[in-house]
Amino acid sequence: MSLERIPVEQLDSPEKNRISRNRWLLTRRTCQLLMLALFLAGPFLGLWVIKGNLASSEVLGVLSLTDPLIMLQSLFAGHAVYVTAIIGAITVSLFYVVVGGRVYCSWVCPINMATDLAAWLRSRLALSRDLVIPKQVRYVVLFLVPFLCWQTGTIIWEFVNPITIFQRGLVYGAGLSWGVVLLVFLFDLFVTKRGWCGALCPVGAFYGLLGAKSLIRVNAGRRNRCTDCGDCYQVCPEPQVIVPALTGEKKGLSPLILSGECTNCGRCIDVCPENVFNFSHRLTNIRP
Amino acid sequence: MAFLKSRRKFIGRILQYLGSLGVFGFLIAGHAQREKTGLPAIVIRPPGALSEKDFLSACVRCGLCVRNCPFDTLKLAELGEPVTTGTPYFVARRIPCEMCTDIPCLEACPTGALSHALLDINKADMGLAVFTGVDTCYAFTGIGQCRACYLACPVKDRAITMEAHRRGGRDVFMPTVHTDYCTGCGKCEHDCITDQASIKVLPRHLVKQDAGLVV
Ligand code: SF4
Ligand code: SF4
Ligand code: SF4
Ligand code: SF4
């Protein structure tokens, strides 16, 4: 096996060290923390770059941003949403349509840090007991959310949404919002591996659909180098998305990870010892 | 046989879906029900807020109204408070609404939960002041000559007047709220000098237009 390996000097990058094995992870954590810091800098330091929270905000007093799923809930609940929020939601949507919908999950959402930690601890502690929750449940939840909004006339998901509850808690006063994060964390740690983001959260499901045709994609471009070590599947929050790209060569499938469920977290790029993966864009798909 | 097996598998799968959805749905429904319970009487919504039912369909809980209030009046409800989590409110006795003429809280609201149809803060309808001080109010009991509430009112002489009454052989004055003009800003409640305010702002729906001492 090792004889067939491409010699190190022919690889694009040399053997990975601790940093390069976590490059995207570190970039991503920086981005997540920066997002939090930007929202917190206003109330705590008086630096008003962003006012508001993840539900809706105002950047530098000019650009308004609104979470499109929350705006949709409001529409379904029967409110004629004011134009500012509509423009904000369109702006946010356009961004994620380009960079990948679930970039929200892995680069912005603060809950992701808790669920990533749970997943990491799980593998560290070799916890394997799983309650099987089908990954499609989140789409059913996503379908139920607008339905229930319409039925109850309220923005119903915002009663439970741990993302906005927690982030709002940090920015405006915590209350019990830490408890929500703890619940999600414990759920992921002890009940189901990647259970919250991977099977239940309708926000992730929504952004996944939003970015189903997004431009930026992970590419298993050097899949012929894959040694089937399985590291990428282990680390990926949505391992099913890697399968067609990595193993589909014979079936003529693109090496691009095309599923909207991929969060563009880049962990596979990080961990693959053979440097199979890299960030790329959908247009490379046109080439045979 | 294979058919039976796959059917069993299929049914198992369906049960799995229903089970996880059921548990999840149950938790959410329970929580949502709790969240929808009505507002406590001391909780006042910002100026221009739609009726409570419509407000809950409109407000995305962003807090931009809170941020734009120059007086720190508004607050977003924290999880665990008896107000729908994340929605803005104020408690008049703590910090009342100063009735800014440019209504910056409303101006900032991206969704219209604070209705942009409200152009004049004097037409705001946050709540209604109610005189509760028959036994406590300095002016009405005749203990003193207080008229702090009247002086505090931004719409004084229209929303609130001190009306003379004959009580126990003496001339006393009762702070009297006029429903057509009271905006519910809470300045009177805030400035009232008695331990417990002798005049209180209540959500309008709790006070009938022609109720009790209101003229
Ligand atoms: S495929 Fe890669 S980038 Fe996409 S979610 Fe999985 S690990 Fe992250
Ligand atoms: S009118 Fe002024 S004081 Fe009253 S809530 Fe709005 S911003 Fe605050
Ligand atoms: S600005 Fe509007 S949408 Fe945002 S919290 Fe205030 S009332 Fe709600
Ligand atoms: S401020 Fe209070 S005590 Fe004074 S007159 Fe008004 S209600 Fe009475």
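Residues numbered from 1 in each chain as written. Chains lettered and ligands numbered in written order. Predicted model: local features only at pLDDT ≥ 70, side-chain atom pairs only at ≥ 80, totals over all residues. Heavy atoms only, no water.

K.L.:
Describe the overall build of chain B, naming the residues involved and giving the relevant values.
P.N.:
Scanning chain B from terminus to terminus reveals 7 helices and 6 strands. Written out in order from the N terminus, the α and β elements of chain B read α-α-α-β-β-α-β-α-α-β-β-α-β. Burial analysis of chain B (215 residues in total) assigns 50% to the buried set. Across chain B, the fraction of contacts at a sequence separation of at least 24, relative to all contacts at a separation of at least 6, is 64%. (Helix = DSSP H or I, 4+ residues; strand = E, 2+ residues; numbered from the N terminus. Buried < 20%, exposed > 50% of the residue type's maximum accessible area, 1.4 Å probe, protein only. Contact = heavy atoms within 4.5 Å.)

K.L.:
Tell me about the packing of helix α6 (residues 137–152) of chain A against helix α10 (residues 202–210) of chain A, and name the residues and values.
P.N.:
Residue and element names in this part refer to chain A. Interaxial distance between α6 and α10 falls to 8 Å at its minimum, and their mutual angle equals 95°. One element, α6, and the other, α10, form an angle in the roughly perpendicular class. Contacts between α6 and α10 involve R138, Y139, V141, L142 and V145 on the former and, on the latter, P202, A205, F206 and L209. (Axes fitted to C-alpha atoms, helices over the stretch in contact; angles between N-to-C directions. Parallel < 35°, antiparallel > 145°, perpendicular 65-115°, else oblique.)

K.L.:
Report on helix α2 (residues 68–76) of chain A, specifying residues and quantitative values.
P.N.:
Listing the buried residues of α2 of chain A in full gives P68, L69, I70, M71, Q73 and S74 of chain A. Buried residues in α2 of chain A make contact with β3 (63–66), α3 (83–99), α6, α7 (162–172) and α10 of chain A together with α2 (52–58) of chain B. Among the residues of α2 of chain A, the N-terminal cap falls to D67 of chain A, whose side-chain oxygen and the backbone nitrogen of L69 of chain A are separated by 2.8 Å. (Polar contact = N/O pair within 3.5 Å; in protein donor to acceptor, adjacent residues only side chain to side chain.)

K.L.:
Could you give an account of the domain arrangement of chain B, with specific residues and numbers?
P.N.:
All names here are of chain B. Each assigned domain of chain B is listed with its residue range as follows: domain 1 (35–126) and domain 2 (128–208). A separation of 24 Å is found between the C-alpha centroids of domain 1 and domain 2. Listed as interface residues are 18 residues of domain 1 and, on the opposing side, 21 residues of domain 2. Carbon and sulfur atoms make up 53% of the surface buried where domain 1 meets domain 2, a total of about 1400 Å² over both sides. When the buried surface of domain 1 facing domain 2 is broken down by residue, R93, M99 and M126 rank first, second and third, together holding 38% of it. Along the contact surface separating domain 1 from domain 2 lie 1 salt bridge. (Domains from an automatic or database assignment. Buried area = accessible area lost by both parts, 1.4 Å probe. Salt bridge = Lys/Arg side-chain N within 4 Å of Asp/Glu carboxyl O.)

K.L.:
Which residues make up the sheet that holds strand β2 (residues 56–59) of chain A, and what values go with them?
P.N.:
Residue and element names in this part refer to chain A. Reading across the sheet, the 3 strands line up as β1-β2-β3 and stay open at both edges, with antiparallel pairing between neighbours. The outermost strands of the open sheet, each flanked by one partner alone, are β1 (50–52) and β3. Averaged over all neighbouring strand pairs, the angle between strand axes comes to 25°, with direction disregarded. Inspection of the sheet shows β2 paired to β3 by 4 bridges, in the antiparallel sense. Paired with E58 across the two strands is S64, which belongs to β3. (Pairing = 2+ DSSP bridges.)

K.L.:
Describe the packing of aromatic side chains, and please don't skip the residues or the numbers.
P.N.:
Residues and elements named next belong to chain A. Going through the model one piece at a time under the given rule, you end up with 11 aromatic pairs over all chains. Look at W24 and W107: their rings are 6.2 Å apart centre to centre, the planes differ by 70°, and that puts the pair in the edge-to-face class. Taken as a pair, W24 in helix α1 (residues 23–45) and W107 in helix α4 (residues 103–108) lie far apart in primary sequence, 83 residues in all. Take W107: its relative accessible area is 13%, and that puts it in the buried class. Here the aromatic cluster, defined as three or more aromatic residues joined through ring pairs, consists of F95, Y96, Y104, F206 and Y207. (Phe/Tyr/Trp six-rings, centres within 6.5 Å; stacked < 30°, edge-to-face > 60°.)

K.L.:
I'd love a proper account of the site of ligand 4, names of residues and values included.
P.N.:
Residues and elements named next belong to chain B. Taken together, C137, Y138, A139, C146, A148, C149, P175, C192, I193, T194, S198 and I199 form the complete shell of residues around ligand 4. If you list the elements that add at least two residues to the shell around ligand 4, you get α5 (138–141) and α6 (148–152). Among the residues making up the shell around ligand 4, the classes are represented as 10 nonpolar, 2 polar and no charged. (Near = heavy atom within 4 Å. Nonpolar A, V, L, I, M, F, W, Y, C, P; charged D, E, K, R; others polar.)

K.L.:
Tell me about the pattern of salt bridges, and name the residues and values.
P.N.:
A full pass over the atoms with the stated rule returns 15 salt bridges over all chains. Here D116 of chain A and R28 of chain A are joined by a salt bridge, their closest N and O atoms 3.0 Å apart. Of this pair, D116 of chain A sits in helix α5 (residues 111–124) while R28 of chain A sits in helix α1, and the two are 88 residues apart along the sequence. With a relative accessible area of 1%, R28 of chain A lands in the buried category. A salt bridge links D120 of chain B to K123 of chain B, with the shortest nitrogen-to-oxygen separation between them at 3.9 Å. The class for D120 of chain B is partly exposed, based on a relative accessible area of 30%.

K.L.:
Which residues make up the nonpolar core, and what are the values?
P.N.:
If you look at the biggest cluster of nonpolar residues, it comprises 94 residues, and the most contacted ones within it are Y96, Y104, I111, I163, W196 and V203 of chain A together with I199 of chain B. Apart from the residues lying within four places of it in its own chain, the contact partners of V203 of chain A are L69, Y104, W157, N161 and I163 of chain A. With 15 residues, the next largest nonpolar core counts A220, I242, C272 and F277 of chain A among its residues. (Core = buried A, V, L, I, M, F, W, Y, C linked by side-chain atoms within 4.5 Å.)

K.L.:
Provide a residue-level description of the pairing of β3 of chain A, including the pertinent values.
P.N.:
In the case of a regular strand, side chains alternate between the two sheet surfaces. Here β3 of chain A shows a clear split, with S64 and T66 of chain A buried on one side and none of L63 and L65 of chain A buried on the other. In this antiparallel pair of consecutive strands, β2 of chain A and β3 of chain A, the connection spans 3 residues, and L60 of chain A shows a positive phi of 50°.

K.L.:
Pulling in residues and values, what's your account of the site of ligand 1?
P.N.:
Of all residues adjacent to ligand 1, which total 13 residues, the nearest are C236, C262, C265, G266 and C268 of chain A. Of the residues contributing to the shell around ligand 1, the split by class is 9 nonpolar, 3 polar and 1 charged.

K.L.:
Provide a residue-level description of a nonpolar patch on the surface, including the pertinent values.
P.N.:
All names here are of chain A. The grouping of L72, L75, F76, F143, L144, F147, L148 and W150 at the surface amounts to a nonpolar patch, some 760 Å² of accessible area in total. Taken together, the elements giving at least two residues each to the nonpolar patch come down to α2 and α6. With 5 residues, α6 is the largest single contributor of residues to the nonpolar patch. With respect to the secondary-structure elements, L75 resides in helix α2. (Patch = residues over 30% accessible without salt bridge, like charges linked within 9 Å, V, L, I, M, F, W, Y side chains within 5 Å. Areas by Shrake-Rupley, 256 points an atom, 1.4 Å probe, with all protein chains shown as cover.)

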